[in-house]
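Analysis of the macromolecular model
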Amino acid sequence: MDPVKFFIILPFLICLTIIPSQSQPNYLYNICSNTTIFTRNSTYQNNLDQVLSSISTNAIDRPNGFYDTSEGDDDNRVSGLFLCFGDLSPVVCQDCVTTATKDIVKRCPVEKTAIVWYDECVLRFSDRALYSIMNTFPAVYLSNTQNVTDQTRFNTILATTMRDTATQAASAPRGAIKFAVKSANFTAFQTIYTLAQCTPDLSGENCSLCLQAVISQLPSCCIGKQGGRVLCPSCNIRYEIYPFYNETGFTREVFPNTTTVVVGNPPSPELNPLPSPTPIRPQGGNGNKGLLSKIMASVSGAIVAILLVSFSCYAVWRRKHQKKEEVVQLLDLRRGDGYSSDNIMGEMPVNCSQDFPMISFDIIKEATNNFSRETKLGEGGFGPVYKGTLQDGKEIAVKRLSRSSGQGLQEFMNEITLIARLQHRNLVRLLGCCLEETEKLLIYKYMPNRSLDVFLFDSNMSTHLDWQRRFIIINGVAKGILYLHEDSRLRVIHRDLKASNVLLDYEMNPKISDFGMARIFGGNDIKSTNTIVGTYGYMSPEYAMEGLFSVKSDVFSFGVLVLEIISGRRNNRFYLSEEGESLLTYAWKLWHKGQAMELIDPSLAESIVAIEVVKCVHIGLLCVQDEPAERPTMSSVVFMLASETITLPQPKQPLFSIAQLVARSAPSSSASASKVSSVNQVTSSSVSPR
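Residues numbered from 1 in each chain as written. Predicted model: local features only at pLDDT ≥ 70, side-chain atom pairs only at ≥ 80, totals over all residues. Heavy atoms only, no water.

Attention now moves to the environment of P602. As for its position among the elements, P602 is in the loop between α17 (583-592) and α18 (610-623). Sequence-wise, P602 and S462 are 140 residues apart; in three dimensions their C-alpha atoms are separated by 9.6 Å. (Helix = DSSP H or I, 4+ residues; strand = E, 2+ residues; numbered from the N terminus.)

Below is the structure:
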């Protein structure tokens, strides 16, 4: 060959070698639900094949990059859909979906529910309805391995920009492309680029809720990182310090240096992705920009050191300042100036001395015999609880905030504010408080029978709770939660309903206690938080995994409590002795087989009322449904418990178990030990449930 021609052709040959076709989708991750499987060559598989074929055929020129379909009826019904990311051309979208329909059956060959993510699209199928249903679980987290320099400024800009991007994406009408990108200057040399997208079948409100949920996960997975991404079934977000999205409608670049964490069940090791060809290099000067960023990072080393020293000094000063503020707040409360965490929500401040009396520390000290070991009733997250006797003979229970407690002034004030305004026969009664120097004490009416868990989970003590008493406790707790949700003037979500927070008086009547984690809400609000509080085993799926809580979160906890009262067994320990099965799934299997009576505590054998037991198991299962919308309200629960003729809806099998999830995430767990190599063979990532 002519040397001149050779050197002319050589660059093109090199490009063809190192750059794959734009139509080659970049696999990210897949999750197969191994809880429900189908038989090969069955009606379900035939319906699944038709769904995937329809999806592949209809991937051509979809104006919104979205398509859903379903086949079959009842147990053989299969729903499926795909979503292409909004910055792709129709050709790239079609190539990704075509590949996905073939790939997903290889990765999830017999599972009824599966999802696979690529850099260009996401494909799902399930034996449940998918269209117009918001779903944020399971989710996959990806984070850039490189750290930012000024985390405080970066996080502030990122939060504002990502929120604006989500708002813009959610504002699109139903059926349109719910996709938005936005950028903001971080430094003179760096820009933050953000992306948000929902499936077009969601309403604007549900799209907004979905994006809020995944945005709230960024601090958990990507704090201080130069890039991050959260993928869930109904929406996704991403941010980087380079322009990763395509404004011209061509396929996006795939960039290295990402680590992956998955929420949910990781795929089996044999189904891990195979390495793919080297991805396209950034174009349009991005390479120069990356080089410039590296140079600037090297030059700014001294500045980073100065910032770290400054931040350390500020942190020390802030701790001292906060301690001083706390003392001032305590003094203000003692004077009746009215400091409350509810002030920021527009509520009237509570005055401790007016709503209930301030009690001298010396009186409490004498009543508890100087907080002696003999008077100690137990220990909670707030701190130790002591029994005391006042000079007039009245018995009290004293919660003393521990200095090492995870709870502080905010939770202390929260409990005072709520209890002072809530009055119900099934709520614990707060008699007063004590705020002197560093002491923070809450004084309650003493409950001689302590808490429900003392009786429920002890084989000897459980004999004191016959079925009639347990049924009364179930009804009392239900009425107490109903009061919090609908009848009180504040409308409260408890967030930590469990057996140990149900106290029993002299007649074994239940009293709901511990409002340190409770939150005031309005109407049917759904709120989100970055800090998950509560107890494993009682947490609803959307709260444990996404930080979303509502009245339906308390309903889930109530359902768990009902099944524990009936069985005398703890949900968060049940899986240890039942081959990884939760109390919820065990109860459902017995109920589904018509054997609900086998769930009962053996000590109830002589006192059971079969029709009431079966009804309570049924109600408990309705309360622990995975989807919040499928759980009843507490007003419905109270009505169902009181009615003898009502026909109850059929519950679905609860699949979520936070106890199992925690077990799988233990160091010895095979799930936490599994590895997934990135598709570009640059990084290796640990995969574990979150």
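In terms of residue burial, α17 counts as a mostly covered element, since 7 of its 10 residues are buried. Taken residue by residue, α17 has L583, L584, T585, A587, W588, L590 and W591 as its buried positions. Once α17 ends, the next one or two residues include G594, with phi positive near 80°. (Buried < 20%, exposed > 50% of the residue type's maximum accessible area, 1.4 Å probe, protein only.)

Another point: α18. The end-to-end C-alpha distance of α18 is 20 Å, a good match for the 20 Å that 14 residues give at a rise of 1.5 Å each. Most of α18 sits inside the fold, with 10 of its 14 residues counted as buried. Of the residues making up α18, those classed as buried are V613, K615, C616, V617, H618, I619, G620, L621, L622 and C623. Against the buried residues of α18 lie α13 (467-487), α15 (551-567), α17 and α19 (634-642). (Expected span 1.5 Å × (residues − 1). Contact = heavy atoms within 4.5 Å.)

Right, let's get into the sheet that holds strand β13 (residues 384-389). The sheet built from 5 strands is open, its strands ordered β12-β13-β14-β16-β15 with antiparallel pairing. Looking along the sheet, the strands with just one partner apiece sit at the ends: β12 (376-379) and β15 (430-436). Sheet twist, expressed as the average angle between the axes of neighbouring strands with direction ignored, equals 25°. Sheet analysis places β15 next to strand β16 (residues 439-445), joined by 6 bridges and oriented antiparallel. Residue C433 lies in a different strand from β16, and its bridge partner there is L442. (Pairing = 2+ DSSP bridges. Axes fitted to C-alpha atoms, helices over the stretch in contact; angles between N-to-C directions.)

Once that is clear, we can look at unusual backbone geometry. Geometrically, the link from F137 to P138 is a cis peptide bond, its omega value of 0° lying close to zero. If you trace the backbone, P138 turns up in the loop between β5 (121-126) and β6 (139-144). You will see that S132, though not glycine, has its phi angle at about 65°, which is positive. As for its position among the elements, S132 is in the loop between β5 and β6. When its relative accessible area of 29% is taken as the criterion, S132 is described as partly exposed. The backbone of M508 sits at a positive phi, close to 65°, despite the residue not being glycine. Take M508: it is sitting in the loop between β18 (502-504) and β19 (510-512). Look at M508 and you get buried, because its relative accessible area is 12%.

Attention now moves to the environment of C210. Inspection of the secondary structure puts C210 in helix α5 (residues 204-215). Between the alpha carbons of C210 and P233 there is a distance of 9.7 Å; along the sequence they are 23 residues apart. Residues in contact with C210, not counting those within four places in the same chain, are M134, T136, C232, S234 and C235.

Quick look at the packing of aromatic side chains now. For the structure on display, the rule yields 10 aromatic pairs. Where F154 meets Y239, the ring centres are 6.0 Å apart and the plane angle is 55°; that geometry is what we call tilted. Within this pair, whereas F154 is found in helix α4 (residues 151-170), its partner Y239 is found in strand β10 (residues 235-240), the two being separated by 85 residues in sequence. The same class applies to F154 as to Y239, namely buried. Considering the side-chain rings of F361 and F371, the 5.9 Å spacing of their centres and the 25° angle between planes classify their relative orientation as stacked. Remark: F371 occurs in the loop between α10 (361-367) and β12 and F361 occurs in helix α10; sequence separation between them is 10 residues. Take F371: its relative accessible area is 9%, and that puts it in the buried class. Through pairs of rings, three or more aromatic residues link up here, namely F154, F186 and Y239. A cation over an aromatic ring shows up here: R495 above the ring of F549, its NZ or CZ 4.7 Å from the ring centre. (Phe/Tyr/Trp six-rings, centres within 6.5 Å; stacked < 30°, edge-to-face > 60°. Lys NZ or Arg CZ within 6 Å of the ring centre and 35° of its normal.)

In this section: the side chain of S567. Mapped onto the fold, S567 is located in helix α15. Of the polar contacts made by the side chain of S567, one reaches the backbone oxygen of L563; its length is 2.8 Å. In this structure S567 touches L583, L599, I600 and D601, once residues within four positions along its chain are discounted. (Polar contact = N/O pair within 3.5 Å; in protein donor to acceptor, adjacent residues only side chain to side chain.)

Between helix α2 (residues 43-57) and helix α3 (residues 90-107), whose axes approach to 8 Å, the crossing angle comes to 160°. Taken together, the axes of α2 and α3 lie roughly antiparallel to each other. Here the hand of the crossing between α2 and α3 comes out left-handed. Taken together, the residues of α3 that come into contact with α2 (itself represented by L52, I55 and S56) are V97, T98, T101, I104 and V105. Partitioning the contact of α2 with α3 into residue classes produces 5 nonpolar, 3 polar and no charged. (Parallel < 35°, antiparallel > 145°, perpendicular 65-115°, else oblique. Left-handed = near helix turned anticlockwise from the far one by under 90°. Nonpolar A, V, L, I, M, F, W, Y, C, P; charged D, E, K, R; others polar.)

This next bit is on the pattern of salt bridges. As enumerated under the stated definition, the model contains 10 salt bridges in all. Salt-bridge contacts for R470 lead to D601; the nearest nitrogen and oxygen are separated by 3.1 Å. Residue R470 is found in helix α13, and its partner D601 is found in the loop between α17 and α18; the two are separated by 131 residues along the sequence. One exposure class covers both R470 and D601, and it is buried. For E542, the salt bridge identified is with R631, shortest N-O distance 2.8 Å. Placement of the pair is E542 in helix α14 (residues 541-546) and R631 in the loop between α18 and α19, with a sequence separation of 89 residues. (Salt bridge = Lys/Arg side-chain N within 4 Å of Asp/Glu carboxyl O.)

A separate point is the confidence of the model for the protein chain. In regions of low pLDDT, the predicted coordinates are not meant to be interpreted in detail. Chain-level statistics for the protein chain give a pLDDT mean of 76 and a share of 71% at 70 or above. Residue range residues 6-22 is modelled with pLDDT below 50. Its contacts to residues more than four positions away, or to other chains, number 12 contacts. Contacts from residues 249-299, a stretch scored under 50 in pLDDT, to residues over four places away or in other chains number 127 contacts. (pLDDT = per-residue confidence, 0-100.)

A word on the state of the cysteines. Scanning the model with the defined rule gives 5 disulfides in all. Shown here is the disulfide that connects C96 with C121, its sulfur atoms set 2.0 Å apart. One quick way to see it: the torsion about the S-S bond of C96 and C121 is about -80°, and its sign makes the bridge left-handed. Within this pair, whereas C96 is found in helix α3, its partner C121 is found in strand β5, the two being separated by 25 residues in sequence. Taken individually, C96 and C121 each receive the classification buried, so the pair is uniform in this respect. Bridging C198 to C207, the disulfide has an S-S length of 2.1 Å. Its S-S torsion of approximately 85° makes the covalent link between C198 and C207 right-handed. In this structure C207 comes out as buried when scored by relative accessible area, which is 0%. Between C232, a free cysteine, and C235, which holds the nearest cysteine sulfur, the sulfur-to-sulfur gap is 3.5 Å. Relative accessible area serves as the criterion here: at 3%, C232 is assigned to the buried category. (Disulfide = S-S within 2.5 Å.)

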